[in-house]
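# Tertiary structure, described
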Amino acid sequence: MVRDTIGIIGIGWLGLPLATAFIAEGYVVKGSTTSAAKIDTFKSEGIIPYHIEISEAEITGEIDNFLKDVTYLIINVPPGLRGEGPKESYVKKMQLLHQEVRRSAIKHILFVSSTSVYGEVTGDVDEETVPRPTSESGVQLLASENIFRGNKSLNTTILRFAGLIGPSRHPVTILSKKKNLSDGNAPVNLIHRDDCVAIIKGIILEKQWGKIFNGVHPEHPTKKDYYTQIAKARNLKKPDYQIVKDKKYKKINTCKFFLINKQSLFTSLYS
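Described in the following lines is the structure provided in the data block. In this text, all values refer to a predicted model and were calculated from it rather than measured experimentally. (Residues numbered from 1 in each chain as written. Predicted model: local features only at pLDDT ≥ 70, side-chain atom pairs only at ≥ 80, totals over all residues. Heavy atoms only, no water.)

Now for the environment of T71. Locating T71 in the fold gives a position in the loop between helix 3 (63-67) and strand 6 (72-75). Residue classification places T71 among the partly exposed residues on the basis of a relative accessible area of 24%. C-alpha of T71 to C-alpha of V28: the two residues are 43 residues apart in sequence and 10.0 Å apart in space. Beyond its immediate sequence surroundings of up to four residues, T71 is in contact with D4, T5 and H108. (Helix = DSSP H or I, 4+ residues; strand = E, 2+ residues; numbered from the N terminus. Buried < 20%, exposed > 50% of the residue type's maximum accessible area, 1.4 Å probe, protein only. Contact = heavy atoms within 4.5 Å.)

See below:
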């Protein structure tokens, strides 16, 4: 039996294993990429690929054909607002994508966001915490969340991931080269890519629509303890952290749904 079609805008470091996981479950998966060179690779994985690029001025590629017959649309497009050089408005990009979604028959959206929307809030943070973004990325992500949440004809779920770790991606690689790092006793807020995939699958399989979820590992060792141990395991120089006493920090709690329903059997932070 052919199952529903899932569309993933943004087949990359997270999107590719996510796509193959859904294909293994029997779903038809459409995926978009900004790189034409990756089309054949995605085809070999069983993905129906589309070369689509979203700028703040236009969307190029067959976006209408991509969205056709999609039951669940996963928007997994990072803001791309860090680093040097000119930046395009992420909000304008999402406004254009929203316009295309409105012209389609899609009713279910999973928007992959970030816990950066909580900004400098301190203490225990959950989905009821009012976001107060301070970074440009956080500000534009929150505004983009609201573009889709504000459309009452859509069943939109927002998934806010913490810092992503996994194969070929870990902040210790950069941190090990630095000295006098601040906030060594701050708790880490991280999530492994395998858990991201499991959480997204859980949301769709359990039909958790119209909600906001935090995707964060339930363990929160201090930065100094965690990155020192990771650096040692990888034969890297340990990061040089400073400790500030009595300073308040942010600990982001993962949604209890993922713990109670065992949708994500969390991968060790030390993998």
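We are not done yet, so read on.
Read from one edge of the open sheet, seven strands run 3-2-1-6-7-9-12, paired in parallel fashion. With one partner strand each, in any of the chains shown, strand 3 (48-51) and strand 12 (212-215) form the two edges of the open sheet. Strand after strand, the sheet turns through a mean of 20° between neighbouring axes, direction not considered. Both strand 2 (residues 28-33) and strand 3 contribute to a ladder of four bridges, which runs parallel. Pairing of G31 across the sheet is with P49, part of strand 3. Together, strand 6, strand 7 (108-114), strand 9 (155-161) and strand 12 form the strand contacts of helix 5 (residues 136-149), whose direction differs from that of strand 7 by roughly 170°. (Pairing = 2+ DSSP bridges. Axes fitted to C-alpha atoms, helices over the stretch in contact; angles between N-to-C directions.)

Spatial relationships are all this shows, so hold off on functional conclusions.
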